[in-house]
Amino acid sequence: MGSTRYDMDARYDRARKEGYASKSACEIFTQNAKRMAHESMNPKNISFRESRDSAVHPNSVPIILGLDVTGSMGHIPHELIKEGLPKLMGGIIQGGVPDPALLFLGIGDHECDGYPLQVGQFESGDEELDMWLTRTYIESGGGGNAGESYLLAWYFAAFHTRTDAFEKRNQKGLLFTVGDEPCLKTLPASAIREIMGTGQQTFTHTELLKEAQKRYEVFHISVLHSDGAMRADKDWKDLLGQNCVSIKDYRDVPNVIKEIVCDKFKNGTSGSFDLGGFNNIQMF
Amino acid sequence: MKTAQIIIGLGFGDEGKGITTDFLSQQNPESVVIRFSGGQQAAHTVMIDDKKHIHSSFSSGALRGLPSYFTEHCTIHPTFLFNEREELSKKSGNIELHIHPLAKVTTPFDVLSNRKNIQNLEHGTCGKGVGATMKRNESPFKLFAIDLIGPRSMLIEKLKGIANYYGFEEGEEIQNALQDFLEAIDKIDWKIEGYSYLDSFNNLIFEGSQGILLDMDHGVFPNVTFANTTSKNAYEVCKLLKIENIEMFYVTRSYSTRHGSGWMSNEKELILKNNEEETCIFNEYQKNLRFGYLDYDLLNYALKLDEAYVVANKKNLVVTCLDQLEEEFKVEDLDVKFDTVYGSYSPYSKDFKRIN
C-alpha cells in the first residue's frame, strides 16, 4: 500500500461525480444500511498493517487517525469525506511533508458495540483513502458507560502496525484519536480475543498508551460540543497534557492534524532523534 | 445389551425434552440421565402429581428419583447448582449428581461479563454465563470441574486470572462474588467421575439441551448457542462406552417456538389454550416466547442433519403440546419413518399416547 499519490484534481472530480457534498451520510457510508462493518475492515486475525516506503514515497510518514463512530461523533467522518480529507492530505503535502501514509481506524465501544474497531490500510492515494473512509461503518453505538474505546487505537498501533519510518529511520509516527468522551480505562483480554481473535492479557489504558508511544506520538483531539465533552477534556488533558488538543468546531479536525504533522515532519528531519548535526557524534 | 435413549429437540429449544425425559425415566427407573450439552441455562420442566421442578443443573430424571450425570461438554455453575440441589431435596428428588472432570465451570465473572455485554443480549443470551464460559475455555483461562476439588489456593489463583481476563479489578464486588462462589463449592459434596461411572448402568438416557436449530454449526449465526445440540456428543459417549443399541427420541411441539432473538421461518401469533404451565415466561434477557405454525421442511432438515451425527437402531418422535392448538399434526409430511410416534396432551408424561 501507499505507492499512489494524493491527486487533488482527481479527488475533486470524484467528489463531484459521487456527490459527496450533497449526499446524506447513509448514502455515502454504505455499510450503515447493512448494519455491519465491511469484512475488509474486520481486525480479526490481522497480523500487521504496514506503512512502507516506495519509489513514489521514499520517506513515508505514518499517520493513524482513529475516528469515533459512536452516536455523538458520526458527523466527523461525514465532514471528512465532504471537505475535510482533501484539506487534510492536501494541507500536509503542501505544508512540506510529501509522503504521508494515512490509516483510518473506526473506534466504537468494546463494552457495547458490535464493531468496536475497524481497520483500513496505510494509504497515500486519494482514491484509496476515500474508499477506506466510506467503507467505515458508522455504528452510532456507544451506550451509557464510562467512555469509548480510544485505547483500541493504541492497542492496534502498538501491536499490529509496522512502519519503515520507525524501522529504517527511527522515526515515530503520529496517532490521533478524535472524540468527545473519556477513554475507557480497561481493555480486557476477553474483549481483545473477541475483536482480534487472539490475546490473553488485560491492559489498562495507561499501559496501552505507553506501548503506543514507543513508536507513535499520541494525540487526542477533544471536541468540546457538550458539558460531558468538557468534563472528558479534563481527563484527556491530565493524561496527554499538550498532546490533547481541544477544539470547539469539529470542522477544525483536518487543520489541527495538518498543523501537527507539518510541525513535526517538515523537511523530513524532526520527529527522529535530533543528532544536532554531526556535533554530537564522537569522531576519532 | 446396553441401551442408549437419546432425546433431541428439533427446534429452537422448549420442545418438551423435560417431559420426554420424565416419560423415559418412568419406564426405565434404573437408568442414569445424562446431560451432554449446554448447562445451567436449560429449563426442563417436569411435573409429577402435585410436584413440579424445572431442571437446570440436574438432569430431568431427578424429580422422579434418577441420578444425573453431566459430560465434559457441559457447563456447571456451582451457586445455581447448590440452590437447585436444596430445592430438589425439599421435593424429595434425587440429588445424586456425577460430573465429568472436564465439565467447564462458570464463574461469577462469566455471568457478570455476559450480562454487561450488550452485544450478547442482541444475540439472544439467557444471561447465565454459558456462552462466556465456553468462549473463555478457548483462552488460556480455563476452569474445569476437577479444579473444584483440587487445592483451594490453586483454585483461587485460577479465579483471579479469570477476573483479570475480563478486566475486573480487585474490589469489594469481586471479593463478594468470589466469597459466595467458594461457599457454594464448600457446601457441595462433589462427585467428579469419568465415563467409567456410567458402566454400571444398562439403560442410559441422554437428555439433549436446546434444539438442533440453535446448534453452533448449524443455527443462523450469530443467534446460536455455543454447543453442539445434535446427537454428536451423545453418540461420542456411546462409542466410548461401546453402546450399540441406540434409540432416538426426537421432540417437537405441535407448533414452533423461539425464545430470544433470531430468525424464525414463520413467526405468527397463535391462539393457544391449556398453556398455563408454560416455563418460558418473559425474562429481561430473552424477552417473550415467540410462536409460529410448524414448519415441516425445517423438521425434515433437522432430522436429516442429525443423521450426520448418529447411527440409530430406532427412531421415535414425540409431539408435545397437542392439547394447546386446534391444528392436526401431519406425520405424513415428515420424510423419516418413525418406529413410534408419541403425542403429549398435558404437562404430565402420564398422558403420553402412541399416535401412529
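In this text the structure is predicted, and so the values were computed from the model without any measurement.

### Some thoughts on the overall build of chain B
1) Next: Each helix and strand in chain B was counted, giving 9 helices and 16 strands.
2) Next: Across its three principal directions, the C-alpha atoms of chain B cover 60 × 45 × 40 Å.
3) Next: Looking at the 356 residues of chain B, the share that counts as buried comes to 60%.
4) Next: Counting only contacts in chain B whose residues sit at least 6 apart along the sequence, the fraction spanning at least 24 positions is 76%.
5) Next: Roughly 15,100 Å² of accessible area belongs to chain B as shown, and the carbon and sulfur atoms make up 49% of that amount.
6) Next: When the 38 basic and 51 acidic side-chain charges of chain B are each reduced to a single mean position, those positions are 1 Å apart.

### Observations concerning the overall build of chain A
1) Next: Per the secondary structure count, chain A includes 11 helices and 10 strands.
2) Next: Dimensions along the principal axes, computed over C-alpha positions, put chain A at roughly 65 × 45 × 35 Å.
3) Next: Here chain A holds 284 residues, and 55% of them are scored as buried.
4) Next: Put simply, 80% of the contacts in chain A that link residues at least 6 apart link residues at least 24 apart.
5) Next: Of the roughly 12,500 Å² of accessible surface on chain A, a fraction of 50% belongs to carbon and sulfur atoms.

### Points about the environment of P62(A)
Residue and element names in this part refer to chain A.
1) Next: Looking at where P62 falls in the secondary structure, it is placed in strand β2 (residues 61–68).
2) Next: Expressed as a C-alpha distance, the spacing of P62 and K172, which sit 110 residues apart in the sequence, is 8.1 Å.
3) Next: In contact with P62, not counting residues within four places along its chain, are S51, A101, F122, T163, A165, G173 and L174.

### Thoughts on the interface of chain A and chain B
1) Next: Between chain A and chain B, the residue contacts involve 12 residues of the former and 14 residues of the latter.
2) Next: Summed over both partners, the interface of chain A with chain B comes to about 1,100 Å²; 47% of that surface belongs to carbon and sulfur atoms.
3) Next: Here chain A is connected to chain B by 1 salt bridge.
4) Next: The salt bridge involving K135(B) is made with E194(A); its shortest N-O contact spans 2.9 Å.

### Description of the sheet that holds β2(A)
Residue and element names in this part refer to chain A.
1) Next: Read across the open sheet, the 6 strands follow the order β4-β3-β2-β6-β9-β10; overall the sheet is mixed. The two strands at the open ends of the sheet, each matched to only one other strand, are β4 (117–119) and β10 (244–247). Along the sheet, successive strands turn relative to each other by an average axial angle of 20°, direction set aside.
2) Next: On top of the sheet, helix α5 (residues 126–135) reaches β2, β3 (100–107) and β4; it is set at about 5° to β3, its chief contact.
3) Next: The strands touched by helix α9 (residues 205–213) are β6 (173–179) and β9 (216–223); relative to β9, the strand with the most contacts, the crossing angle is about 125°.

### Remarks on a negative patch on the surface
1) Next: A cluster of like negative charges, contributed by D297(B), E327(B), E328(B), E332(B), D333(B) and D335(B), occupies part of the molecular surface.
2) Next: Among the residues examined, D335(B) registers a relative accessible area of 62% and is labelled exposed.

### Let's talk about the confidence of the model for chain B
The predicted structure's coordinates, where accompanied by low pLDDT, should not be read in detail.
Residues and elements named next belong to chain B.
1) Next: Per-residue pLDDT for chain B averages 91, and the proportion of residues at 70 or more is 94%.
2) Next: Looking at the elements of chain B, mean pLDDT is at its lowest for helix α4 (residues 118–122), recorded as 51, and at its highest for strand β7 (residues 97–99), recorded as 98.
3) Next: Under the prediction, the complex receives an ipTM of 0.73, its pTM being 0.80.

### Focus: the side chain of S149(A)
Residue and element names in this part refer to chain A.
1) Next: Tracing the sequence through the fold places S149 in the loop between α5 and α6 (150–160).
2) Next: Residue classification places S149 among the buried positions, given a relative accessible area of 0%.
3) Next: Of the polar contacts made by the side chain of S149, one reaches the backbone nitrogen of H110; its length is 2.6 Å.
4) Next: For S149, the residues in contact, after removing those within four places along its chain, are I107, G108, D109, H110 and L184.

### Brief notes about a nonpolar patch on the surface
1) Next: Taken together, L102(B), I146(B) and I149(B) make up a surface patch of nonpolar side chains, about 250 Å² in accessible area.
2) Next: Tracing the chain through its elements places I146(B) in the loop between α5 (130–136) and α6 (152–165).

### As for the packing of α6(A) against helix α8 (residues 189–196) of chain A
Residue and element names in this part refer to chain A.
1) Next: Contact geometry of α6 with α8 gives a least axis separation of 13 Å together with a crossing angle of 70°. On the basis of the axis angle, α6 is roughly perpendicular to α8. For the pair α6 and α8, the sense of crossing is right-handed. Contacts from L152, Y155, F156 and H160 of α6 reach α8 at I192, I195 and M196.

### A closer look at the sheet that holds strand β11 (residues 245–253) of chain B
Residue and element names in this part refer to chain B.
1) Next: Reading across the sheet, the 10 strands line up as β9-β7-β5-β2-β10-β1-β11-β14-β15-β16 and stay open at both edges, with mixed pairing between neighbours. A strand with exactly one partner marks an edge of an open sheet, and here the two such strands are β9 (191–192) and β16 (353–354).
2) Next: Most of the contacts of helix α9 (residues 296–307) go to β11, to which it runs at about 160°, and overall it touches β1 (3–9), β11 and β14 (314–320).

### Digging into α9(A)
1) Next: Buried within α9(A) we find H205(A), L208(A), L209(A) and A212(A). Along the long axis of α9(A), the arc covered by the buried residues comes to 105°, so they all point the same way.

### What about the side chain of R85(B)?
All names here are of chain B.
1) Next: The residue R85 is located in helix α2 (residues 78–90) in this model.
2) Next: Despite its burial, R85 pairs with no opposite charge, the nearest such side chain being E86 at 4.7 Å.
3) Next: Leave out the neighbours within four places in its chain, and R85 touches F58, I95, K187, I188 and D189.

### Considerations on the packing of aromatic side chains
1) Next: One pass over the structure, following the stated rule, counts 21 aromatic pairs over all chains.
2) Next: For the pair F109(B) and F168(B), a centre-to-centre distance of 5.9 Å together with 40° between the ring planes defines the contact as tilted. Within this pair, whereas F109(B) is found in helix α3 (residues 108–116), its partner F168(B) is found in the loop between α6 and α7 (172–187), the two being separated by 59 residues in sequence.
3) Next: Ring geometry for Y296(B) against F329(B): centres 5.8 Å apart, planes inclined by 45°, an arrangement best described as tilted. With Y296(B) in helix α9 and F329(B) in the loop between β14 and β15 (340–343), this residue pair connects regions lying 33 residues apart in the sequence.
4) Next: Counting every residue linked through ring pairs, the aromatic cluster contains F109(B), F141(B), Y165(B), Y166(B) and F168(B).
5) Next: The side chain of R135(A) reaches across the aromatic face of W132(A), ending 5.1 Å from its centre.
6) Next: Sitting above the plane of the Y345(B) ring, K353(B) keeps its charged end 4.5 Å from the centroid.

### Brief notes about the pattern of salt bridges
Between side chains of opposite charge, a pair can form when the charged atoms approach closely.
All names here are of chain B.
1) Next: Applying the stated criterion to the full structure yields 33 salt bridges over all chains.
2) Next: One salt bridge connects K158 with D147, and the closest N-O pair in it is separated by 3.1 Å. Of this pair, K158 sits in helix α6 while D147 sits in the loop between α5 and α6, and the two are 11 residues apart along the sequence.
3) Next: For D147, a relative accessible area of 7% gives the class buried.

Scoring rules and cut-offs
Just so you know, the residues in each chain are numbered from 1, in the order the chain's sequence is written. Here the convention is simple: chains get letters from A, ligands get numbers from 1, in the order in which they are written. Per-residue local features of the predicted model are confined to residues with pLDDT of at least 70, and side-chain atom pairs are confined, for both listing and counting, to 80 or more; whole-chain, interface and lining totals are unaffected and use all residues. Just so you know, side-chain values use all the structure's heavy atoms and leave hydrogens and water out. In DSSP terms, a helix is any run of H or I states spanning at least four residues, a strand is any run of E spanning at least two, and both are numbered starting from the N terminus. Here's how the labels work: a residue is buried when its accessible area is under 20% of the maximum for its type, exposed when over 50%, partly exposed in between, all with a 1.4 Å probe on protein chains only. Whether two residues are in contact is decided by their heavy atoms, any of which lying within 4.5 Å being enough. Accessible surface is estimated by sampling points in the Shrake-Rupley manner with a 1.4 Å probe; for residues, cover comes only from the protein chains shown. None of His or the chain ends enter the tally, which takes Lys and Arg as positive and Asp and Glu as negative. Just so you know, the charge point we use is NZ for Lys, CZ for Arg, CG for Asp and CD for Glu. Two parts placed together each lose some accessible area under a 1.4 Å probe, and the buried area is that loss summed for both. When a carboxyl oxygen of Asp or Glu is within 4 Å of a side-chain nitrogen of Lys or Arg, the pair counts as a salt bridge. One bridge is not enough; two strands pair if DSSP finds at least two bridges between them. The angle between two axes is taken between their N-to-C directions and runs from 0 to 180 degrees, where each axis is a line fitted to C-alpha atoms and a helix contributes only its stretch in contact. Only residues whose relative accessible area exceeds 30% and that form no salt bridge are eligible for patches; like-charged ones are grouped when within 9 Å, while nonpolar side chains (Val, Leu, Ile, Met, Phe, Trp, Tyr) are grouped when within 5 Å. Here pLDDT means the predictor's own confidence in every residue, given as a number from 0 to 100. Definition of a polar contact: a pair of N or O atoms within 3.5 Å, with one able to donate and the other able to accept a hydrogen when the atoms are protein atoms, and with sequence-neighbouring residues admitted only if both atoms are side-chain atoms. Here the angle decides the label: under 35 degrees means roughly parallel, over 145 means roughly antiparallel, 65 to 115 means roughly perpendicular, and every other value means oblique. Each crossing gets its hand from how the near helix is turned against the far one by less than a right angle, where anticlockwise is left-handed and clockwise is right-handed. What the arc measures is the spread of directions leading from the helix axis to the C-beta atoms. Note on aromatic contacts: the rings of Phe and Tyr and the six-membered ring of Trp form a pair at centre separations within 6.5 Å, being stacked when their planes are under 30 degrees apart, edge-to-face when over 60 apart, and tilted otherwise. Counted as over-ring charges are cases with an Arg CZ or a Lys NZ within 6 Å of the ring centre that also lie within 35 degrees of the ring normal.

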